[in-house]
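Spelled out, the chains give:
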Amino acid sequence: MGRNVAGRWMALAIVVGMARASAAMAADAQQMEKNVRAQLDGTVWTVDMQSPSESKGRSQKDTLTFTKWGVVSERLTKAGYANSNYSLTFPNAQTPVWDTTLSDEKLGIVRLHGEFRGGSLQGVISEAPAKGKPMDYEFSGTETSGKVIDPSQTPTPPAPPAAPPVPVNPEAVTPPPATPPPPSAVVVPPAPPSAPAATSPHAAQEKKKKRGWF
């Protein structure tokens, strides 16, 4: 009974500790995303695009402008695509990753995926036009509006708080086993003297003859 109660207390403490740690990590991630979006808002990035399937000498240029919640591609806007918001993820604190997808029934689907490394921007653009063959581009570039920015230098989130100590249930504490008393000396009574063996009448007569009796 005591062990079952202790196990329940321990399981409850572990669940509470994990819930608190998860909540703290979620709050840290939200704060990191808020900080990065604030840094990116109003930045302009000039990027060079290169398709692996094309000659290295042929490249295209594009300009990406970040707003508070969206990213605008100058090249794709001219092609007829509407602007789109973007998502942020944090594989690690030094490399924020952003992703956005533009979709148009007549034009097709374009996905932009990039990451910030030491103040530079690099990533991949995947185009699936409604007509024509799909194309992939690798791009890289720097911020050109003059705004000093380095989203990769976001603060590292603090370590999650340690789980609270497991409460001790007094009823669940098992006392140490008592030391058994030393065995008392056992007195063995002496065996009773054996009774003399019974002598048969024939044996008695033989004994008398040897002694000279009549």
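Model, not experiment: these values are computed from the prediction.

Definitions and cut-offs
- Residues numbered from 1 in each chain as written.
- Predicted model: local features only at pLDDT ≥ 70, side-chain atom pairs only at ≥ 80, totals over all residues.
- Heavy atoms only, no water.
- Core = buried A, V, L, I, M, F, W, Y, C linked by side-chain atoms within 4.5 Å.
- Buried < 20%, exposed > 50% of the residue type's maximum accessible area, 1.4 Å probe, protein only.
- Helix = DSSP H or I, 4+ residues; strand = E, 2+ residues; numbered from the N terminus.
- Contact = heavy atoms within 4.5 Å.
- Pairing = 2+ DSSP bridges.
- Phe/Tyr/Trp six-rings, centres within 6.5 Å; stacked < 30°, edge-to-face > 60°.
- Lys NZ or Arg CZ within 6 Å of the ring centre and 35° of its normal.
- Polar contact = N/O pair within 3.5 Å; in protein donor to acceptor, adjacent residues only side chain to side chain.

All right, on to the nonpolar core then. Nonpolar side chains tend toward joint burial in soluble globular proteins. In terms of nonpolar packing, the biggest core is built from 22 residues, with Trp45, Leu64, Phe66, Trp98, Leu112, Leu121 and Phe139 touching the most fellow members. At the level of elements, α1 (2-40), β1 (44-50), β2 (60-66), β6 (95-104), β7 (108-117), β8 (120-129) and β9 (135-143) are the ones that each hand at least two residues to this core. Look past the residues within four positions of Leu64 in its chain and what remains in contact with it is Thr43, Val44, Trp45, Val47, Val71, Val72, Ser73, Trp98, Leu112, Leu121 and Phe139.

What follows covers the pairing of β8. Of the strand pairs in this sheet, β7 and β8 are connected by 10 bridges, and their pairing is antiparallel. Directly across from Arg111, in β8, lies its bridge partner Ser126. Between β7 and β8, which follow one another and run antiparallel, lie two residues, and Gly118 among them has a positive phi close to 60°. Bridge analysis of β8 against β9 gives eight bridges, and the strand direction is antiparallel. Bridging from a neighbouring strand, Ser126 pairs with Asp136 of β9. With antiparallel pairing between neighbouring strands as the criterion, β8 and β9 make up a hairpin whose turn holds five residues, including Gly132 at a positive phi of roughly 110°.

Here we take up the sheet that holds strand β5 (residues 87-92). Taken in spatial order, the nine strands make up an open sheet running β4-β3-β2-β1-β9-β8-β7-β6-β5, and their pairing is antiparallel. The sheet terminates laterally at β4 (84-85) and β5, the two strands that pair on one side only.

It is worth spelling out the environment of Ser84 at this point. With respect to the helices and strands, the residue Ser84 is situated in strand β4. With 15 residues separating them along the chain, Ser84 and Trp69 place their C-alpha atoms 8.4 Å apart. Setting aside its immediate chain neighbours within four residues, Ser84 contacts Gly70, Val71, Thr100, Thr101 and Leu102.

This part takes up the environment of Thr142. Relative to the helices and strands, Thr142 resides in strand β9. A relative accessible area of 45% means that Thr142 is categorised as partly exposed. Once you skip the residues sitting within four places of it in the chain, Thr142 turns out to touch Val44, Trp45 and Thr46.

On to the packing of aromatic side chains. Given two aromatic rings, one states the distance between the centres and the angle between the planes to describe the pair. If you walk through the whole model with that rule in mind, you get four aromatic pairs. With centroids separated by 5.5 Å and ring planes inclined at 55°, the aromatic side chains of Trp45 and Phe116 adopt a geometry described as tilted. Highlighted residues: Trp45 in strand β1 and Phe116 in strand β7, separated in sequence by 71 residues. Pair check on accessibility: Trp45 and Phe116 agree, each one buried. On the numbers, 5.3 Å between centres and 90° between planes, the contact of Phe66 with Trp98 is edge-to-face. In this pair, Phe66 is assigned in strand β2 and Trp98 in strand β6, connecting sequence segments 32 residues apart. Given the relative accessible area of 0%, Trp98 is considered buried. Each residue in the set Trp45, Phe66, Tyr86, Trp98 and Phe116 is aromatic and connected to the rest through ring pairs, giving one cluster. Above the face of the Tyr86 ring, Arg37 is positioned so that its terminal group lies 4.3 Å from the ring centre.

Take the side chain of Ser51 next. With respect to the secondary-structure elements, Ser51 resides in the loop between β1 and β2. Take Ser51: its relative accessible area is 2%, and that puts it in the buried class. There is a polar contact of 3.3 Å between the side chain of Ser51 and the backbone oxygen of Asp136. With near-sequence residues (within four places) excluded, Ser51 lies in contact with Met135, Asp136 and Tyr137.

Geometric values such as these leave the question of function open.
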